[in-house]
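# Examining the three-dimensional arrangement
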Amino acid sequence: MKRMAIKRTVFLVLLITLLTLTGCNRAQQTPTPQAALPADGGLPQSAAAIAAERGLTPDDVTAALKTYVPTGKYDDYVMFASGGHGGQILVIGLPSMRILKIIGVFTPEPWQGWGYGSIESEAVLDGGNVGPNKIRWGDTHHPALSETAAEYDGNFLFINDKANARVAVIDLRDFETKQIIKNPNAINDHGGSFVTPNTEYVVEGPQYAAPIGFGYASIDEYKDEYRGLISFWKFDKEKGRIDMAASFQIELPPYWQDLCDAGKLESDGWVFCNSFNTEMATGAGPDGANPQFEAGVSKNDMDYLHIINWKKAEEVYKAGKFETINGIAVIRMQTAIDEGLLYFAPEPKSPHGVDVTPRGDYITIGGKLDPHVSIYSIAKIKAAIAAGTTEKDAYGVPVLKFDDVLQAQVELGLGPLHTVYDDQGYAYTSLFLDSAVARWSLGEPYRTDGWKLEGKLPVHYNIGHIASAEGDTASPDGKYVVALNKWSVDRFVNVGPLLPQNFQLVDISQPGDKMQLLYDMAVGEAEPHYAQIIKADKLHAWEVYPEVGFNTITMAKDENAVESGQERVVRNGNQVEIWMTVVRSHYTPDRIELQKGDHVIWHLTNVERARDATHGFALSGYNINLSLEPGEATTIEFDANLPGTFTWYCTEFCSALHLEMLGYMLIKP
Ligand code: CUK
Ligand code: CUA
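Procedures and definitions
Residues numbered from 1 in each chain as written. Chains lettered and ligands numbered in written order. Predicted model: local features only at pLDDT ≥ 70, side-chain atom pairs only at ≥ 80, totals over all residues. Heavy atoms only, no water. Helix = DSSP H or I, 4+ residues; strand = E, 2+ residues; numbered from the N terminus. Rg over C-alpha atoms; globule rule 2.2 N^0.38 Å. Buried < 20%, exposed > 50% of the residue type's maximum accessible area, 1.4 Å probe, protein only. Contact = heavy atoms within 4.5 Å. Salt bridge = Lys/Arg side-chain N within 4 Å of Asp/Glu carboxyl O. Lys, Arg positive; Asp, Glu negative; His and termini not counted. Disulfide = S-S within 2.5 Å. Near = heavy atom within 4 Å. Nonpolar A, V, L, I, M, F, W, Y, C, P; charged D, E, K, R; others polar. Domains from an automatic or database assignment. Buried area = accessible area lost by both parts, 1.4 Å probe. Polar contact = N/O pair within 3.5 Å; in protein donor to acceptor, adjacent residues only side chain to side chain. Phe/Tyr/Trp six-rings, centres within 6.5 Å; stacked < 30°, edge-to-face > 60°. Core = buried A, V, L, I, M, F, W, Y, C linked by side-chain atoms within 4.5 Å. Pairing = 2+ DSSP bridges. Axes fitted to C-alpha atoms, helices over the stretch in contact; angles between N-to-C directions. Patch = residues over 30% accessible without salt bridge, like charges linked within 9 Å, V, L, I, M, F, W, Y side chains within 5 Å. Areas by Shrake-Rupley, 256 points an atom, 1.4 Å probe, with all protein chains shown as cover. Charge placed at Lys NZ, Arg CZ, Asp CG, Glu CD.

Each helix and strand counted, the protein has 10 helices and 42 strands in total. For 669 residues, the compact-globule estimate of 2.2 N^0.38 gives 26 Å, and the protein sits close to it at 28 Å. C-alpha extents for the protein along the principal axes are approximately 100 × 75 × 50 Å. Classification of the 669 residues of the protein by burial places 57% in the buried group. In the protein, the proportion of contacts linking residues at least 24 apart, taken out of those at least 6 apart, comes to 61%.

Right, here's the structure in full:
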């Protein structure tokens, strides 16, 4: 009797294992496919009844239809949004506005096992440490997709950390962070990340001036000791890494450089950065003798648009005309002036956004305290540089005349910040104070009726950045813009005093003043800044890692990858090394016996090949949590400093016997 029962249990376990391994548990009854509706309408009567019952307007209904993506169908676009001071990147499908993934970047992220013990992720995060301080968060601002010939190529993604002057590299084969670099000469940044048109460089512009290398200098010596600094991080596409040894920086005056954008096509070879605090204000100070920063940095009517010739700077760097500071080549400001790398043009008033048009012919500047956007012409800039200028700033940087380089100004409303473009020759500027998106037309060669406001769409509320489909490329798609609003106020159910942000999807496919608000997406995760939107079919992510035992940092087979049957535990003095396999629904071995004080090196390999067969590894008491995706190998290392009875278990519901997927770690006192 007892034997029969055991036999039956064994049979059942085998059956369940077989079913889960072959994916049979997913086979469901397929519903009879329904025919799509005819183009001339013919909506089912029930649809009208539902709309009436829910009090939906005709606009609501079209908005719902435009954003609905049925099960089994995919979104057309993928938006990579900064996760703000959450230190992450949000991956969002458009038009559904569904969150597809949250990528751990500067901040540990337990779902992906990012920064919870795997030596690979810890090493990447440690790359961003500042001196003796472990930094485990970041303030992400501007994601930048890698480009080939000024088009997104879908290979890599970069993002900066404003709080600590760092840049991260994400590989879009597996949507994981591969590298974090700490800028050794700056302590905060802002005008990054942006890429040059072939991802030759990842650009990281500065923000609040500090001495180069952020050593101490009295703020009384601000004008002499404090500096701005723009970095050109060389990107090695083969290795998928920033090569700091082939990178350079350019010293700038201690104005607070803000956003930057790289030129393309007609302006290829140039980078443009806004600045504020050309007043060089240093705050009220302890005795309150001077204006506070807010007022002190907003006195001037004009600040300086920085116009930087990076191709020439690259030549100057290759010619060795730099100083090495903290291991990085720095082109000194005087060299930059002498070699013609740096020019200024006046820009009104408290500028913020700087955005190059698709053909690279114009640069749009938004001034927070000016109701206009100012549009500069690269042809005029080049002509003005060629003609020469006698005007100079306090540091000797040549200043081009405003009227010589300005193409047009368009009055839009209050608080223009950032501008994006579409395929119809329209530009879209976020109006922070108006809480609106302004659509305006570009002039020749985009439109014959250009340089005028077309219409405004209210958004909710206090819009910061705006993103458009394929917006930073030479050929934007039009179709959608997304308003990244800072305040949501009354748009969602109250969840307490800390409110979500509001991403609003807007249909821009109709001309003139017709823009339709389609969708409100609450973002309950810090304050995103910029986002980029790529056509989904440009992404070619892996479904599973290409081979079993894959190391996600070296992107090759790990030397400690474990094959089934090769599992083992080797003790050498007080060092214990474990080679473990992970598969539905067990760990081999499933019991580890240690002594207090042992040093443990534990290699784990998920030997699965089935899509989505991810296993977790949650080890109690030791702050360790892993995500082992199909094929992935990883290693953890720790000291068994706390004796006792511990368990590890799988955190992904991977099979019918998922709860049985566990092991014991026994540590003798
Ligand atoms: S900044 Cu946030 S709204 Cu960092 Cu690009 Cu303008
Ligand atoms: Cu593996 Cu649950």
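Anyway, onward from the coordinates.
This paragraph deals with the pattern of salt bridges. Applying the stated criterion to the full structure yields 27 salt bridges. Note that Glu454 and Lys452 form a salt bridge whose closest N and O atoms lie 3.2 Å from each other. The exposure class of Lys452 is partly exposed, given its relative accessible area of 36%. Of the charged contacts, one joins Lys486 and Glu527 as a salt bridge, the two residues approaching to 2.9 Å between their closest N and O atoms.

Let us now look at the side chain of Asp261. The residue Asp261 is located in strand E12 (residues 256–262) in this model. One buried charged residue, Asp261, forms no salt bridge at all, with the nearest opposite charge on Lys264 at 5.3 Å. Aside from chain neighbours lying at most four places away, what touches Asp261 is Phe194, Val271, Phe272, Val354, Asp355 and Val356.

Here we take up the state of the cysteines. Per the counting criterion, the structure on display carries 1 disulfide. Paired by a disulfide, Cys260 and Cys273 hold their sulfur atoms 2.2 Å apart. On the sign convention where negative is left-handed, the bridge of Cys260 and Cys273, at about 105° about the S-S bond, is right-handed. Placement of Cys260 in strand E12 and of Cys273 in strand E13 (residues 270–276) is noted, with a sequence separation of 13 residues between them. Note on accessibility: Cys260 and Cys273 belong to one class, buried.

Below, the discussion takes up helix H2 (residues 45–54). Burial within H2 is sparse, with just 1 of its 10 residues counted as buried. Note on H2: the residue one or two positions beyond its end, Gly55, has a positive phi of about 70°.

Moving on, we come to the site of ligand 1. In the vicinity of ligand 1, the contacting residues are His141, His142, His190, Leu259, His352, His418, Gly464, His465, Lys486 and His529. In terms of residue class, the shell around ligand 1 is built from 1 nonpolar, 8 polar and 1 charged.

Our next topic: the domain arrangement of the protein. Assigned domains of the protein: these are domain 1 (77–283 + 293–538) and domain 2 (550–668). For domain 1 versus domain 2, the distance between C-alpha centres works out to 41 Å. Counting from both sides, the interface comprises 17 residues of domain 1 and, opposite them, 17 residues of domain 2. The largest per-residue losses of area from domain 1 upon contact with domain 2 belong to Tyr116, Ile119 and Glu120, which jointly make up 38% of the total buried on that side. At the junction of domain 1 and domain 2, the tally comes to 7 residue pairs in polar contact (both at pLDDT 80 or more). Elements represented by at least two residues in the side of domain 1 that touches domain 2 include exactly helix H4 (119–126) and strand E7 (176–182). Residues of the side of domain 1 that touches domain 2, tallied by class, amount to 5 nonpolar, 5 polar and 7 charged.

This paragraph deals with the packing of aromatic side chains. Following the criterion strictly, the structure yields 33 aromatic pairs and no others. Between Phe156 and Phe235 the ring centres are 4.9 Å apart and the planes differ by 75°, which places this aromatic pair in the edge-to-face class. Here Phe156 is found in strand E5 (residues 151–161), whereas its partner Phe235 is found in strand E10 (residues 228–236), with 79 residues between them in sequence. A relative accessible area of 8% means that Phe156 is categorised as buried. Seen from their ring centres, Tyr622 and Phe646 are 5.4 Å apart, and the 75° between their planes marks the pair as edge-to-face.

Take the nonpolar core next. Core analysis: the largest hydrophobic core is formed by 39 residues, its most contacted members being Ile230, Phe232, Phe248, Ile250, Val271, Ile308 and Ile331. The element contributing the most residues to this core is helix H7 (residues 310–318), with 4 residues. With near-sequence residues (within four places) excluded, Ile331 lies in contact with Phe248, Gln249, Ile250, Glu251, Ala313, Val316, Tyr317, Lys321, Phe322, Ala336 and Leu341. Of all hydrophobic cores here, the second largest spans 34 residues; its members include Tyr77, Tyr480, Val482 and Leu484.

Spatially, 4 strands are ordered E3-E2-E1-E30 in an open sheet, and the strand pairing comes out antiparallel. Among the strands making up the open sheet, the edge pair consists of strand E3 (98–104) and strand E30 (531–535). The sheet shows a mean angle of 20° between the axes of neighbouring strands, taken without regard to direction. Sheet analysis places strand E2 (residues 88–94) next to E3, joined by 6 bridges and oriented antiparallel.

Our focus in this paragraph is a negative patch on the surface. Together, Asp220, Glu221, Asp224 and Glu225 line one region of the surface with negative charge. Judged by its relative accessible area of 37%, Glu225 is partly exposed.

Our next topic: unusual backbone geometry. Geometrically, the link from Gly192 to Ser193 is a cis peptide bond, its omega value of 5° lying close to zero. On the secondary structure map, Ser193 appears in the loop between E7 and strand E8 (194–195). Tyr461 follows His460 through a cis peptide bond whose omega is -15°. Positionally, Tyr461 belongs in the loop between strand E25 (452–458) and strand E26 (463–468).

Time to look at the sheet that holds strand E6 (residues 166–171). With respect to topology, 4 strands assemble into an open sheet ordered E4-E5-E6-E7, the strand pairing being antiparallel. Both edges of this open sheet fall to strand E4 (144–148) and E7, since each of them pairs with a single strand only. Neighbour-to-neighbour, the strand axes of this sheet turn through a mean angle of 30°, independent of strand direction.

In terms of residue burial, E13 counts as a mostly covered element, since 7 of its 7 residues are buried. Side chains Trp270, Phe272, Asn274 and Phe276 project from E13 onto one buried face, and the interleaved Val271, Cys273 and Ser275 project onto a second face that is buried too. Bridge count between E13 and strand E14 (residues 302–309): 4 bridges; the pairing is antiparallel. Paired with Trp270 across the bridge in E14 is Asn309.

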